[in-house]
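Listed below, chain by chain, are the residues.
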Amino acid sequence: MVEGLKYLYGPVPSRRLGLSLGVDIVSAKVCTLDCVYCQVGKTTEKTIERREFVAVEPVLAELKQRLAQGLKADFIAISGSGEPTLHSRLGEIIDGIKQITDIPLAVLTNGTLLYRQDVRADCAKADVVLPSLDAGDEQGFRKVNRPHKDISVGKLISGLCAFRNEFPGRIWLEVFLAEGLNTDTEQIAKIKDAVELIRPDKVQLNTAVRSTAEASVKRLDAGKLQAIAASLGANCEVVPDFSPRHHGEHVGSVAKTYYQC
Ligand code: SF4
């Protein structure tokens, strides 16, 4: 672990991305959603307004320093302690990273702002985009993800479809499932319909592995996850060992949380 870094953490082992260096570009806990399973905790600012949470230059300077020290990573993962597409200069950050390293770049996002052309253009600069979809209808979306009032599941799905049509890179769609929350037959059928519209390269199922914003969220057992994966089609897999979306780790004396949405 390298001391004194403000925006970077890791590399940490991620089941979805291998060894991954996180780049945290959004303040805790600013998000478009307030998911019941969030491992960062409750959303303190629910917004859809993009802004410059951190300046671009110090993030890139830190990465240059980290590369100069010798960095081995499978991915650089743009993430944050909230929703990273809320950063208004996300595209510049990705451009800057790509100018200084060939390490593949991933964006971990809840996908809710992909209805915006500027957000799609920013995300399209990445090699892999990992969005989320945890419900197939509005009722389920509100129950699981507690969105900002101007976000709906229809907007989320159409944004993901638009992004799929424009983005030649890989899309790995994550579906978080919790016992008794979004696992009934009707909800899974609706999620399947949405997946068929979105056409991601992979669908990855995850469940609760650590503390969640709401203590009532229950882990789904491996057998049920595998059965749902089989019903969702050949490109659907269960994330091995149910990788946590947020990896807690310590940087110096400051507890950092690795955002994995
Ligand atoms: S899980 Fe991700 S998308 Fe959901 S509230 Fe937490 S940070 Fe936001």
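Calculation criteria
- Residues numbered from 1 in each chain as written.
- Predicted model: local features only at pLDDT ≥ 70, side-chain atom pairs only at ≥ 80, totals over all residues.
- Axes fitted to C-alpha atoms, helices over the stretch in contact; angles between N-to-C directions.
- Helix = DSSP H or I, 4+ residues; strand = E, 2+ residues; numbered from the N terminus.
- Parallel < 35°, antiparallel > 145°, perpendicular 65-115°, else oblique.
- Left-handed = near helix turned anticlockwise from the far one by under 90°.
- Contact = placed C-beta atoms within 7 Å.
- Nonpolar A, V, L, I, M, F, W, Y, C, P; charged D, E, K, R; others polar.
- Pairing = 2+ DSSP bridges.
- Buried ≥ 20, exposed ≤ 12 C-beta atoms within 10 Å, placed from the backbone.

A. Up close: the packing of helix H6 (residues 185-198) against helix H7 (residues 222-232). For the pair H6 and H7, interaxial distance at closest approach is 10 Å and the crossing angle is 45°. Regarding the angle of H6 to H7, the classification is oblique. The element H6 and its partner H7 pack so that their crossing is right-handed. Contacts from Ile188, Lys192 and Val195 in H6 reach Ile228, Ser231 and Leu232 in H7. Of the residues contributing to the contact of H6 with H7, the split by class is four nonpolar, one polar and one charged.

B. Structural context of the sheet that holds strand E10 (residues 236-238). Reading across from one edge, E1-E2-E5-E6-E7-E8-E9-E10 is the order of the eight strands in this open sheet, with mixed pairing throughout. Since the sheet does not close on itself, it has two edges, and those belong to strand E1 (8-14) and E10, each with one partner. Each neighbouring strand pair of the sheet contributes to a mean axis angle of 25°, computed without reference to strand direction. Where strand E5 (residues 75-79) and strand E6 (residues 105-108) come together, three bridges link them in parallel fashion. Across the sheet, Ala77 pairs through a bridge with Ala106, a residue of E6.

C. Expanded view of unusual backbone geometry. Omega for the peptide link from Gly10 to Pro11 comes to 10°, which places this bond in the cis form. You can see Pro11 is positioned in strand E1. In this structure, Lys29 follows Ala28 across a cis peptide bond, with omega equal to -10°. Mapped onto the elements of the fold, Lys29 is located in the loop between strand E2 (18-24) and strand E3 (30-31). Of note in this structure, Arg146 is not a glycine but carries a positive phi near 40°. Mapped onto the elements, Arg146 comes out in the loop between helix H4 (138-145) and helix H5 (153-166). The exposure class of Arg146 is partly exposed, given the 18 C-beta atoms found within 10 Å. Although it is not a glycine, Arg199 sits at a positive phi angle of roughly 55°. With 13 C-beta atoms counted inside 10 Å, the residue Arg199 sits in the partly exposed group.

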